[in-house]
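An overview of the molecular structure
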Amino acid sequence: MEETQKLWSCKEKGIFQYLVLLFVWKAVAGQIHYSIPEELQKGSFVGNIAEDLGMDGKHLPDHDLRIVTRTGMIQYFSLNIHNGHLQTSERIDREAICELAEKCILSFQVIVESKRKLYGIEVEITDINDNAPQFPPGEQELKISEISIQGSRFPLPEAEDQDLGLNSVRSYQLTGSSHFSLDVKMGENGARHVELILEKILDREEQSVYELVLTATDGGDPVRTGTAQIKVIVSDVNDNAPVFSQPLYAVSIEENIPKGSTICRVRAVDLDEGINGELKYFFKKASKKNSQMFFLNSTTGTVTVMGDIDYEASSFYELEVRAEDYGGLFDRAKVEITITDLNDNAPELTVTFLTNSIKENSPSGTVIAILNVEDQDSGINGEVTCLIPQILPFQLKKSTDNFYSLVTTDALDREQRESYNITVSVTDHGTPSLSTAMVIALHIIDTNDNPPLFSKPVYTSYFMENNQRGASVFSLTASDPDWEENARITYSITKKDINDSSLSSYISINSETGIIYALRSFDYEEFQEINFQVKAQDGGSPPLSSSVLVTLFILDQNDNVPEILYPSAPTDGSTGVELAPRSSEPGYLVTKVVAVDADSGQNGWLSYQLLKATEPGLFTIGLHTGEIRTARFFLDKDALKQSLVVLVKDNGQPTLSASVTVTVVLADNIPESLSDISSIPAPADPQSDLTFYLVVAVAFVSCLFFAFLLVLLAIRLHRWRTSELCHSGSMNFTSVPVSQFVGIDGVRAFLHSYCQEVSLTTDSRKSQFNNSKGNYSNTPTDHLTGEVNDPILAGEDFNLTSGDQIILQVS
């Protein structure tokens, strides 16, 4: 509650203050003046406003005394409402507020809200010595010529002090050198001007720089001072001539020193400075030869080599050097250069005779090159040693003075190394020694000294039978380390016969590649291997050759169908019959199917299988023996005639097979079996009408076909007769197509192209009618071969029983 009341009271005071400012009540009954020094601490006492205004201190809060604030102004003072004391609220810096004003007064108003009166307050800020004199920052430079007269004056920088009156600068003092003194003059506005007075004559060569200290002192308490570093630079005048460090420069250098090498440096000193002390160097009265050999840097005095220094050309040089400043003062010195001799000439190799290639069978001692060695140096520097640094089959032989022969020492083999780079080195005996090397390229010419060689002594290969004609069955190569024509190999087969036949009809070899081709399709059943020799011969002169034995093994393929030997196929159209007594026990051997296969290995392993039987389960057959045995006792209901279809297949890939039909009659003897067979009634065939219709249809088609043939033949005969008449009349039929003159052979081919085969069975629901498609293209007569079968072939007697087959062929 109390806080709320205080807040409301503050708001009322603020509103009242704005109203006072709004109505601008100015009550200037009198001014209250206070004086305080600057830099007081915050909260320092300034004056008792309540007492000065005659207010009772006990009832001071009832008067609502306060300071009127201004927007944007710094409030340096505050009023204690409890005791009416005026206090500082901010740090007060007189120099910052009033700068150089003689009086610094801060004015503000206080208001007594109870009386609605304003009172002016003035607070004078008095200066204290809180600032020391300050010179411009940095070292101050002052240039004075060394020829300045005594008593010359030079202005010095002045110190500034922000304080006023006695606290400002009052005096200056100079220290550091007796050559200078200080003079301070008062200006019209009270400012002090400082001047530097030259007391003694200056000499820059003795001392070029003077370091002085200028001190400014104020009159405050305590006393504050400021200092400045004054650097006096004595300016030079050209009053000194250059002087060389030594009158003679003696230098010794070796010949062949590189161009641009520095051999010496002359140096002169001028005590002056600046442009007066800058020197330039040059040769005085230098000959054209010397000026071309040496160069003198005009700024640094460095002597460098420009030409080729050769001891043999000149061993000594003398040069005169002059140093001169820009004022025309100069000095002279001599440079003597002595040249020392060096081993600067390397030996020289010259080829007098050279061959770049020799044969590999050249004898030892063959001359390859003749060399001449010379060294322009004399004495020990001219003595040389000539050698071949590599280990090679060559050596150098000295023939006469300075001549050497390069010869072979061993036999050469091109197959081991076909070329040589022979390095011949010559070294003199100087210090340091110099050497020269030469590389001689030598090529070794090949000779035919190596026969062709096969990688193996015997070659063996395998390939399958029934290969294609012209197929590659094997390849072999020989190598010859010789070169070009000597290494060109030709292959041939030397063994010419195989099984009393010429080998050339079986195989051939590519003379260039060594690939062996089969000229025919081989049959394993005919022969299993081929042995022959292959000869490899190079193209050298004389030619060299070698032979190798080759064996080609032919591998078997499953290309033969099993051949059934028993029961054999009947030649008269009948079927063989086997008897089996009705009293036979299970396991009774009825017969045995015998078959063979021309293939070998697993391709010739045969297995037997009962493919079809009249009574399944009545008979069994041995898987590998082919024996047909009874599997159980015969029953009365078992058919008298049993037909067994036996399948014989081999174990090859793919499997090939053959089948045979075995007829087994259940009877104890042949007469009984015949009577039993004749007494068997023929079963009614529900398809007999269909068979009859098929036979009639085939006969009708055949008649139509024969009629067509007769018509075609008549047309051919008519055309032939017409062509004969035209030929006799010298008529030209070049425009008639060749196909119109096919002739009788064409008719035969046409007849042969239409062949119908009818297969009729009495115990089958389906009959077969095969009509082979004819070739309707115009076929040349010389490509048509064969015989024309009889128009109709049929058996005279037919006993149609169950299982019999009637074949009617029309061709």
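1. Digging into the overall build of the protein chain
- Looking only at helices and strands, one finds seven helices and 55 strands in the protein chain.
- Across the 811 residues of the protein chain, 35% fall into the buried class.
- The long-range fraction of contacts in the protein chain, counting pairs at least 24 apart against all pairs at least 6 apart in sequence, stands at 65%.
- About 48400 Å² of surface is accessible on the protein chain, with carbon and sulfur atoms providing 52% of the total.

2. Concerning the pairing of strand 33 (residues 458-464)
- Of the two faces of strand 33, the one holding Tyr459, Ser461 and Phe463 is buried and the one holding Val458, Thr460, Tyr462 and Met464 is not buried anywhere.
- As paired elements, strand 33 and strand 42 (residues 545-555) share seven bridges and run parallel to each other. Residue pairing across strands places serine 461 opposite leucine 552, the latter belonging to strand 42.

3. Quick word on the sheet that holds strand 27 (residues 384-387)
- With mixed pairing, four strands are arranged side by side in an open sheet as 25-31-30-27. Each edge of the open sheet carries a strand with a single partner, namely strand 25 (357-359) and strand 27. Looking at each pair of strands side by side, their axes are set apart by 25° on average, direction ignored.
- Examined bridge by bridge, strand 30 (residues 419-428) and strand 31 (residues 435-445) share nine bridges and lie antiparallel to one another. Residue tyrosine 420 lies in a different strand from strand 31, and its bridge partner there is leucine 442.

4. Some words on the state of the cysteines
- Here the structure, examined in full by the defined rule, presents one disulfide.
- Here cysteine 98 pairs with cysteine 104 through a disulfide, and the sulfurs are 1.8 Å apart. Here cysteine 98 and cysteine 104 share a disulfide; its torsion about the S-S bond, 70°, makes the bridge right-handed. Neither cysteine 98 nor cysteine 104 differs from the other in exposure class; each is buried.

5. Things to note about the sheet that holds strand 11 (residues 180-186)
- Strand order in this open sheet of three strands is 9-12-11, and the pairing throughout is antiparallel. The two strands at the open ends of the sheet, each matched to only one other strand, are strand 9 (153-155) and strand 11. On average, adjacent strands in this sheet sit at an angle of 35° to one another, irrespective of strand direction.
- Pairing analysis gives three bridges linking strand 9 to strand 12 (residues 192-198), with the strands arranged antiparallel. Bridge pairing links arginine 153 to isoleucine 197 in strand 12.

6. Some words on the confidence of the model for the protein chain
- Across the protein chain, pLDDT averages 78, with 81% of residues at or above 70.
- Across residues 1-29, where pLDDT falls below 50, the model places 17 contacts with residues more than four positions away in sequence or in other chains.
- This model gives residues 682-688 a pLDDT under 50, and the stretch forms two contacts once residues within four places in sequence are excluded.

7. Some remarks on the pattern of salt bridges
- Under the counting rule described, the total for this entry stands at 13 salt bridges.
- The partner of aspartate 93 in a salt bridge is arginine 91, with the nearest N and O atoms 3.8 Å apart.
- Assessed through its relative accessible area of 18%, aspartate 93 is described here as buried.
- Residues aspartate 183 and arginine 153 are paired through a salt bridge, measuring 2.7 Å at the closest nitrogen-oxygen approach. With aspartate 183 in strand 11 and arginine 153 in strand 9, this pair connects stretches of sequence that are 30 residues apart.

8. Things to note about the side chain of aspartate 638
- Structurally, aspartate 638 can be placed in the loop between strand 49 (627-630) and strand 50 (641-650).
- At a separation of 3.3 Å, a polar atom in the side chain of aspartate 638 contacts the side chain of arginine 632.
- Only 2.8 Å separates the side chain of aspartate 638 from the backbone nitrogen of leucine 635, close enough to count as a polar contact.
- The contacts of aspartate 638, once residues within four sequence positions are left out, are Arg582, Glu615, Leu618, Arg632, Phe633 and Leu666.

9. Considering the environment of aspartate 410
- Here aspartate 410 shows up in the loop between strand 29 (403-408) and strand 30.
- Judged by relative accessible area, which is 47%, aspartate 410 ranks as partly exposed.
- The spacing of aspartate 410 and serine 364 is 46 residues in sequence and 5.4 Å in space, taken between C-alpha atoms.
- Excluding its chain neighbours within four sequence positions, the residues that come into contact with aspartate 410 are Ser364 and Pro393.

10. Points about the side chain of asparagine 276
- Tracing the sequence through the fold places asparagine 276 in the loop between strand 18 (268-269) and strand 19 (279-283).
- By relative accessible area, asparagine 276 is classed as buried at 16%.
- Setting aside its immediate chain neighbours within four residues, asparagine 276 contacts Asp236, Val237, Asn238, Asp270 and Asp325.

11. Focus: the packing of aromatic side chains
- Taken as a whole and judged by the stated rule, the model has 15 aromatic pairs.
- Measuring from ring centre to ring centre gives 6.2 Å for phenylalanine 244 and tyrosine 281, while their planes differ by 50°; the resulting arrangement is tilted. Within this pair, whereas phenylalanine 244 is found in strand 15 (residues 243-244), its partner tyrosine 281 is found in strand 19, the two being separated by 37 residues in sequence.
- Relative accessible area serves as the criterion here: at 6%, tyrosine 281 is assigned to the buried category.
- Through pairs of rings, three or more aromatic residues link up here, namely Phe463, Tyr506, Phe522 and Phe527.

12. What about unusual backbone geometry?
- Proline 222 follows aspartate 221 through a cis peptide bond whose omega is 5°.
- Note on placement: proline 222 falls in the loop between strand 13 (209-218) and strand 14 (225-235).
- The phi torsion at glutamate 39 lies on the positive side, around 65°, for a residue other than glycine.
- Of note, glutamate 39 is situated in the loop between strand 1 (31-37) and strand 2 (45-48).
- Take glutamate 39: its relative accessible area is 26%, and that puts it in the partly exposed class.
- Positive phi, normally seen in glycine, also occurs at glutamate 484, with a value near 50°.
- Topologically, glutamate 484 is positioned in the loop between strand 35 (478-479) and strand 36 (489-493).
- Owing to a relative accessible area of 57%, glutamate 484 belongs among the exposed residues under this scheme.

Cut-offs and rules
Numbering of residues starts from 1 in each chain and follows the order in which that chain's sequence is written. Residue-level local features of this predicted model are given only where pLDDT is at least 70; pairs of side-chain atoms are given and counted only at 80 or more, and the full residue set underlies all totals for whole chains, interfaces and linings. Excluding hydrogens and water, the side-chain values take into account all heavy atoms of the structure. Strands here mean DSSP runs of E at least two residues long; helices mean DSSP runs of H or I at least four residues long; both are numbered from the N terminus. Each residue is placed in one exposure class: buried if its accessible area under a 1.4 Å probe, protein chains only, is under 20% of its type's maximum, exposed if it is over 50%, and partly exposed if it falls in between. The criterion used for residue contact is that any of the two residues' heavy atoms lie within 4.5 Å. The accessible surface values rely on the Shrake-Rupley method and a 1.4 Å probe; as for residues, cover is taken only from the protein chains in view. Note: two strands are recorded as paired if DSSP finds a minimum of 2 bridges between them. Under this scheme, a helix contributes an axis fitted over its contacting stretch, all axes are lines through C-alpha atoms, and angles between N-to-C directions fall in the 0 to 180 degree range. The definition used for a disulfide is geometric: two cysteine sulfur atoms within 2.5 Å. The pLDDT score gives, residue by residue, the confidence of the prediction method on a 0 to 100 scale. Salt bridges, as used here, are contacts in which a Lys or Arg side-chain nitrogen is within 4 Å of a carboxyl oxygen on Asp or Glu. Pairs of N or O atoms within 3.5 Å make up the polar contacts considered here, provided that, within protein, one atom can donate a hydrogen while the other can accept it, and that residues adjacent in sequence are counted only when both atoms are side-chain atoms. Under the pairing criterion, centres of Phe, Tyr and Trp rings, with the six-membered ring standing for Trp, must be within 6.5 Å; the plane angle then separates stacked pairs below 30 degrees from edge-to-face pairs above 60, leaving the rest tilted.

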